[in-house]
Amino acid sequence: MKHAASEAGPLRDPRDRLIIALDTPSLDEAREIAGRLHGAVRWFKVGPQLFTASGPAAVTALRGSARVFLDLKFHDIPATVAGAVAAATRLGVDLLNVHALGGRPMLTAARDAAERAASAGSRPPMVIAVTLLTSGDSSAMRDAGISGTPEGVALRLAKLAQAAGLQGVVASPLDAAAIRSACGPGFLIVCPGIRPAGAGQDDQRRVLAPREAIAAGADMLVVGRPVTRAPDPRRAAEEVLREIALAE
Ligand code: C5P
């Protein structure tokens, strides 16, 4: 397996390929887990739960010692999304996402806003699009009136994100191979829905183990509960890192 490439350069070290999702009810709990993982992981994800509870302080608290993926899946009119992306850029996040279902003008507005808001000389955050939630399956799509298979819809949305100038997507590991072959090597594929052997599925549906996800073409893996709720989070993270290294 060759090393993944991205705007951030080749991802040679497994620690550049693992993002720990800190879905905690408070910043104190997020800090506690981040402290236990200090040095072992390089990326944390701040999502709707932690951001709603603690706001931008969650990003600033983590930014000192790690890179931050702000996972708020913006989906609104282009001007509102552009404003939110500009604010996130000024906060100093390294990666952020919008929802591909927001459509091409919204996607392009997000990318442009990140570029405009980056301070002189500093690199704007990578802007990627969520395709489908990894907790969703065909029946969730039918309920929403979306026709086609999850694989087909995810691929279509990934191509849309690329055409709109975004740097990558968040996608199920089950869709990674098809997206990689359609979108090429420089397109960042970030996969949640990762379950190491022996871990429960929780509410995720379309999942793969870390090693399989990397082999399928994922550049970066998002892992939450299998690490944060493990009796020893550091050991659980190191186990995922070992699996990533083995897949290369
Ligand atoms: O705990 P778990 O490993 O299931 O966490 C996965 C994380 O990835 C959650 O924070 C979830 O919000 C996020 N996510 C996802 N599916 C997407 C996009 C983000 O599961 N399509």
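A quick note: this is a predicted structure, and the numbers were derived from the prediction, not measured.

Each value, and the rule that gives it
- Residues numbered from 1 in each chain as written.
- Predicted model: local features only at pLDDT ≥ 70, side-chain atom pairs only at ≥ 80, totals over all residues.
- Heavy atoms only, no water.
- Helix = DSSP H or I, 4+ residues; strand = E, 2+ residues; numbered from the N terminus.
- Expected span 1.5 Å × (residues − 1).
- Buried < 20%, exposed > 50% of the residue type's maximum accessible area, 1.4 Å probe, protein only.
- Arc of directions from axis to C-beta.
- Core = buried A, V, L, I, M, F, W, Y, C linked by side-chain atoms within 4.5 Å.
- Contact = heavy atoms within 4.5 Å.
- Disulfide = S-S within 2.5 Å.
- Near = heavy atom within 4 Å.
- Polar contact = N/O pair within 3.5 Å; in protein donor to acceptor, adjacent residues only side chain to side chain.
- Areas by Shrake-Rupley, 256 points an atom, 1.4 Å probe, with all protein chains shown as cover.
- Salt bridge = Lys/Arg side-chain N within 4 Å of Asp/Glu carboxyl O.
- Axes fitted to C-alpha atoms, helices over the stretch in contact; angles between N-to-C directions.
- Parallel < 35°, antiparallel > 145°, perpendicular 65-115°, else oblique.
- Left-handed = near helix turned anticlockwise from the far one by under 90°.
- Pairing = 2+ DSSP bridges.
- Right-handed = clockwise from strand over helix to strand, strands pointing away.
- 1 Å grid on protein atoms, 1.4 Å probe; cavity = no way out; pocket = protein on both sides within 12 Å on 5 of 7 lines; lining within 4 Å.
- Points joined across faces, edges and corners; volume = space filled by probe spheres on them.
- Nonpolar A, V, L, I, M, F, W, Y, C, P; charged D, E, K, R; others polar.

Caption draft 1: Inspection of helix α5 (residues 104–117) at higher detail. If you check α5, its first and last C-alpha atoms are 20 Å apart, about what 14 residues at 1.5 Å a residue would give, namely 20 Å. Inspection of α5 places Met 106, Leu 107, Ala 109, Ala 110, Ala 113, Ala 114 and Ala 117 among the buried residues, and these make up the whole buried set. For α5, the buried positions fall inside an angular range of 160° around the axis, keeping them on one side. Away from its buried face, by an angle of more than 90 degrees, α5 presents the exposed residues Pro 105 and Arg 116.

Caption draft 2: The nonpolar core, seen in detail. Membership of the largest hydrophobic core comes to 69 residues, with the highest contact counts inside it found for Leu 22, Phe 44, Val 85 and Val 98. Those residues in contact with Val 85, other than ones at most four positions away along the chain, are Phe 74, Leu 96, Val 98, Ala 110, Ala 113 and Ala 114. Grouped together as the second largest cluster of nonpolar side chains are 14 residues, Leu 11, Ala 21, Ile 128 and Val 170 included.

Caption draft 3: A look at the state of the cysteines. Overall, the coordinates contain 0 disulfides when judged by the stated rule. Unpaired in this structure, Cys 183 has its nearest cysteine sulfur neighbour in Cys 191, at a distance of 12 Å. The exposure class of Cys 183 is buried, given its relative accessible area of 9%. For Cys 191, a relative accessible area of 0% translates into the label buried.

Caption draft 4: Broad picture of the site of the ligand. In the neighbourhood of the ligand, 18 residues make up the surrounding shell, with Asp 23, Lys 45, Arg 195, Gly 224 and Arg 225 lying closest. For the ligand, a nitrogen atom lies 3.2 Å from a polar atom in the backbone of Leu 132. A distance of 2.7 Å separates an oxygen atom of the ligand from a polar atom in the backbone of Arg 225. Alone, the ligand offers 470 Å² of accessible surface; in the complex the protein occludes 90% of this.

Caption draft 5: View of the pattern of salt bridges. As enumerated under the stated definition, the model contains 16 salt bridges in all. Put simply, Arg 180 and Asp 219 hold a salt bridge, and the shortest N to O gap is 2.8 Å. Of the two residues, Arg 180 sits in helix α8 (residues 176–183) while Asp 219 sits in the loop between α9 (210–216) and β8 (220–223), which places them 39 residues apart along the sequence. Judged by its relative accessible area of 2%, Asp 219 is buried. Here Arg 234 ties to Glu 238 by a salt bridge, and the two come within 3.6 Å at their closest N and O atoms. Of this pair, Arg 234 and Glu 238 both sit in helix α11 (residues 233–247), separated by 4 residues, roughly a single helical turn.

Caption draft 6: Focus on the packing of helix α1 (residues 27–37) against helix α3 (residues 56–63). At a minimum axis distance of 11 Å, the contact between α1 and α3 shows a crossing angle of 20°. Regarding the angle of α1 to α3, the classification is roughly parallel. For the crossing formed where α1 meets α3, the hand is right-handed. Contact residues: Leu 27, Arg 31 and Ala 34 in α1; Ala 57, Ala 58, Ala 61 and Leu 62 in α3.

Caption draft 7: The arrangement of the pairing of β8 in detail. Of the two faces of β8, both are covered, the one formed by Met 220 and Val 222 as well as the one formed by Leu 221 and Val 223. For strand β1 (residues 18–21) and β8, the ladder comprises 3 bridges, and the chain directions are parallel. When the bridges of β8 are listed, Ile 19 appears paired with Val 222. The pairing of strand β7 (residues 188–191) with β8 spans 2 bridges and is parallel. Bridge pairing in β8 links Val 190 to Met 220.

Caption draft 8: Representation of the pairing of strand β3 (residues 67–74) in the model. Sheet topology note: the strand β2 (residues 43–46)/β3 ladder contains 4 bridges and is parallel. Across the sheet, residue Trp 43 finds its bridge partner in β3, namely Arg 67. Summarising the sheet, β3 and strand β4 (residues 95–99) pair through 3 bridges and their orientation is parallel. Its bridge partner being in β4, Phe 69 is matched across the sheet by Leu 95. Handedness of the crossover joining β3 and β4 through helix α4 (residues 78–91): right-handed.

Caption draft 9: Here's a closer look at the layout of surface pockets. Space inside the largest pocket adds up to approximately 550 Å³. As for the largest pocket, its lining consists of 29 residues, of which Asp 23, Lys 45, Lys 73, Pro 192 and Gln 204 are closest to the centre. Elements represented by at least two residues in the lining of the largest pocket include exactly α2 (48–54), β3, β8 and α10 (225–228). When residues in the lining of the largest pocket are grouped by element, the largest group, 3 residues, is from β3. Its residues placed into classes, the lining of the largest pocket shows 13 nonpolar, 8 polar and 8 charged.

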